[in-house]
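Analysis of the macromolecular model
Listed below are the residues making up each chain.
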Amino acid sequence: MKSWLVFGSIASLFILCDCSKAESRIIPELSKFEVVEPPLGFRLSSHCPSGLKLEKGFCLIDYRYINSLEINGGLGQTLVQVKLDPKVIDLGRYLFFDPILSGDKQLSCAHCHHPAYSLSDGRKQSIGKDGLGYGPTRKNGVLLKRSAPSLWNVVYMKNLFWEGRASNLEDQAEGPLYSPDEMASSPEIIESRLNESPYYQKMFRQAYGEKGSKISAALVIDALSNFERSLVSFSSRFDKWSTGDKEALNTEELLGYNVFRSFVARCAECHPPPMFTNNVFATIGVLDTKERDFGRETITGQNLLRGAFRVPSLRNIVKTAPYMHAGNLDSLEEVVHFYNEGGGRGNGAPNDLRIHWHVREMGLSKKEINALISFLYTLTDETSMPKFPKSVPSGLPVALEYESYQNRSSIK
Ligand code: HEC
Ligand code: HEC
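Quantities reported herein were computed from a predicted structural model and do not represent experimental measurements.

What counts and how
- Residues numbered from 1 in each chain as written.
- Chains lettered and ligands numbered in written order.
- Predicted model: local features only at pLDDT ≥ 70, side-chain atom pairs only at ≥ 80, totals over all residues.
- Helix = DSSP H or I, 4+ residues; strand = E, 2+ residues; numbered from the N terminus.
- Buried ≥ 20, exposed ≤ 12 C-beta atoms within 10 Å, placed from the backbone.
- Near = placed C-beta within 6 Å.
- Nonpolar A, V, L, I, M, F, W, Y, C, P; charged D, E, K, R; others polar.
- Pairing = 2+ DSSP bridges.
- Axes fitted to C-alpha atoms, helices over the stretch in contact; angles between N-to-C directions.
- Parallel < 35°, antiparallel > 145°, perpendicular 65-115°, else oblique.
- Left-handed = near helix turned anticlockwise from the far one by under 90°.
- Contact = placed C-beta atoms within 7 Å.
- Core = buried A, V, L, I, M, F, W, Y, C linked by C-beta atoms within 7 Å.

Moving on, we get to the overall build of the protein chain. Helix and strand counts for the protein chain stand at 14 helices and nine strands. Counting all 412 residues of the protein chain, 48% fall into the buried class.

Next up on the list: helix α13 (residues 332-340). Considered for burial, the residues of α13 that qualify are Val335, Val336, Phe338, Tyr339 and Asn340. Residue Gly342 follows α13 closely and has a positive phi angle near 100°.

What follows deals with the site of ligand 1. The environment of ligand 1 is made up of 26 residues, and the closest members are Cys109, Cys112, Phe161, Trp162 and Pro176. Mapped by element, the contributors of at least two residues to the shell around ligand 1 are α4 (109-112), α5 (169-178) and α8 (217-229). The element contributing the most residues to the shell around ligand 1 is α5, with five residues. Counted by class, the shell around ligand 1 contains 18 nonpolar, five polar and three charged residues.

In this model, Pro273 is joined to Pro274 through a cis peptide bond whose omega is 0°. Considering the arrangement of structural elements, one finds Pro274 in the loop between α11 (267-270) and β7 (281-282). Ala321 connects to Pro322 through a cis peptide bond whose omega is -5°. Structurally, Pro322 can be placed in the loop between β8 (309-310) and α13. Non-glycine residue Lys56 carries a positive phi angle of around 50°. With a phi close to 60°, Arg266 is a non-glycine residue in the positive phi region. Structurally, Arg266 can be placed in the loop between α10 (251-260) and α11.

Attention shifts here to the site of ligand 2. Around ligand 2, a shell composed of 25 residues is seen, among which Cys267, Cys270, Val286, Tyr323 and His325 lie nearest. Secondary-structure elements contributing two or more residues to the shell around ligand 2 are α11 and α13. Residues that form the shell around ligand 2 fall into these classes: 18 nonpolar, five polar and two charged.

Right, let's get into the sheet that holds strand β4 (residues 52-55). On the basis of which strands lie adjacent, the open sheet formed by three strands has the order β4-β5-β6 and antiparallel pairing. The strands lining the two open edges of the sheet, one partner per strand, are β4 and β6 (83-84). Relative to strand β5 (residues 58-61), β4 is paired through four bridges, and the arrangement is antiparallel. Bridging from a neighbouring strand, Leu54 pairs with Cys59 of β5.

The N-to-C vectors of helix α3 (residues 86-97) and helix α7 (residues 198-208) enclose an angle of 150°; their axes lie 8 Å apart at closest approach. One element, α3, and the other, α7, form an angle in the roughly antiparallel class. Crossing handedness for the pair α3 and α7: left-handed. Residues Lys87, Val88 and Leu91 of α3 touch α7, and the partners they reach there are Met203, Phe204, Gln206 and Ala207.

Turning next to the nonpolar core. Counting 60 residues, the largest nonpolar core has Leu91, Leu95, Val220, Ala223 and Leu224 as the members making the most contacts within it. Contributions of two or more residues to this core are made by β5, α3, α4, α5, α6 (187-195), α7 and α8. Residues in contact with Leu91, not counting those within four places in the same chain, are Leu44, Met203, Phe204, Ala207 and Ala223. Residues Ile284, Leu305, Ile317 and Ala371 belong to the second largest nonpolar core, which totals 40 residues.

Below you can see the structure in the form of C-alpha cells.
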C-alpha cells in the first residue's frame, strides 16, 4: 500500500502565493487521498474500492451498519443494496479525472469535485470554462451561479443538483459535460476522441465486452455514474455509535445529537440519518449574494417553492465548506448561527419566500451550539475516497499540479 499523501503542504504553498488576489477566500480543512501510478496499459482493476466488497464478481456497499439499519426501522430510511462492476467503476474513475471529456481538454470532473476538498472544490461558487487550476484558488474562467456539492452517497439521492433538476446520475452528467459554461463538450467530441484512443478502446472492451467495441457517450456516462455510485460514506463514528458502540461518541457529541434531533432545533426533521437528508425540497431562506436563485420554483413553476432547494446530506460536512447553494456561509459556526437566528426569517430574506415552519429562532445556548457543531464532526468517513491516478489515458495533465496549467498553449 502506497503512503497517504497529505495534500495540505502543496495546496497551502500556492494558496499563500496567491493571497494578494484573495477576495474573501475560505480554505477548508483538506482531505487525505492517495495518488497512484496507473498499472501498465491502464489495465482495469477487478478489485472493489474500499468501502465496497466483492461478491460474485460485483461490488456491493460494505455497509457494516446497513443490516442493523434495515432491522432498526426507527431510523426511517432503508437503503437498498447496489451491485456495481469493479471494472466499470475503475473505468469511470479514469474518465472522472481525465480532462479529455471537456471541449478544450482542460477541465475534468475532479477539478470541481476534488479529493483534497472531499469531492467538492472549497469555493463559494465554482469556476467553469477557461478557469485555471482547481479548488479554492482556481481563477479566471466562467463563474458559475452555485457552489459544488460533494458527491458522497449520491447513489441514494433522488433529486440531483441543488434544485433537483435531474432525477438520476446519468441525466445529471449531461449537465456539466455539455454546458457551454462548464466542460463545453458534446457527444460527438467525446466519441471521436475516445474512439481514437488505443487505451480507452481497450479499457471499454475490458469493462463492457463486445458492447464496448464502439465507445458511445452513453457508455461514458454509464461508467462515470457507476463510479459515482461507489462514493459511499456510511462508516463514521456516528454509524458506529448508532449500531451499538457506545464509546464512539463522547458526552459533548451526544449532547449535540440531542440538540440536532430536538424539537427546538429540528435539524433531524430535514436531515434524518442515515443519509442526513430526507431528499425533499425546503426553503430555509439562504440569502443570495448577487442574482436571486429561485431554486425549485424554476422547475415546477410553483411560487410556493421559491428559493427551495433539495436538503443536502450532512455526511463529511466538516470537509466541504463553504456551505449552501450560494456558498455564502463560510463555516459550520456561521451555519448554526444562521439557523439559531431563525434562518432567512432572522436574516432579512425577501418576504416572498415561504420559509419552512421548522426554521425559527431557536435560542440555543453557546454550549448547545458548540455541542451541535461537535456532533457534525462525527459524520466524517472518507474510506471510499477514490485513488487519484497520477496520469490518465489521454496523457493530459490532471488536477494535481498547478504548474501544468501555466503552459496551457503547449497542450494540444
Ligand atoms: C466547473 C465545475 C464543475 C465540473 C467540471 C463538474 N461539476 Fe459537478 N457540480 C458542480 C456544481 C456547481 C454543481 C451544482 C450545480 C447546480 O446545482 O446547479 C454540481 C453538481 C453535481 C452533482 C449533483 C450532486 C447533488 O448532490 O445533487 C453531481 C452528481 C455532479 N456534479 C457530478 C459531476 C460529474 C460526473 C462531472 C464530470 C462529468 C462534474 N460534476 C463536473 C460543479 C462542477
Ligand atoms: C426545513 C428543513 C431543514 C431544517 C429543519 C434544517 N435544514 Fe439544514 N438545510 C436544509 C436545506 C434545504 C439546505 C440547503 C439550503 C440552500 O442551499 O439554500 C440546508 C443546508 C444545510 C447545511 C449546508 C449543507 C451544504 O452542503 O452546504 C448544513 C450544514 C445544515 N443544513 C445543517 C442543519 C442544522 C445543523 C440544522 C438544525 C439546526 C438544520 N440544518 C435544519 C433544510 C433544513
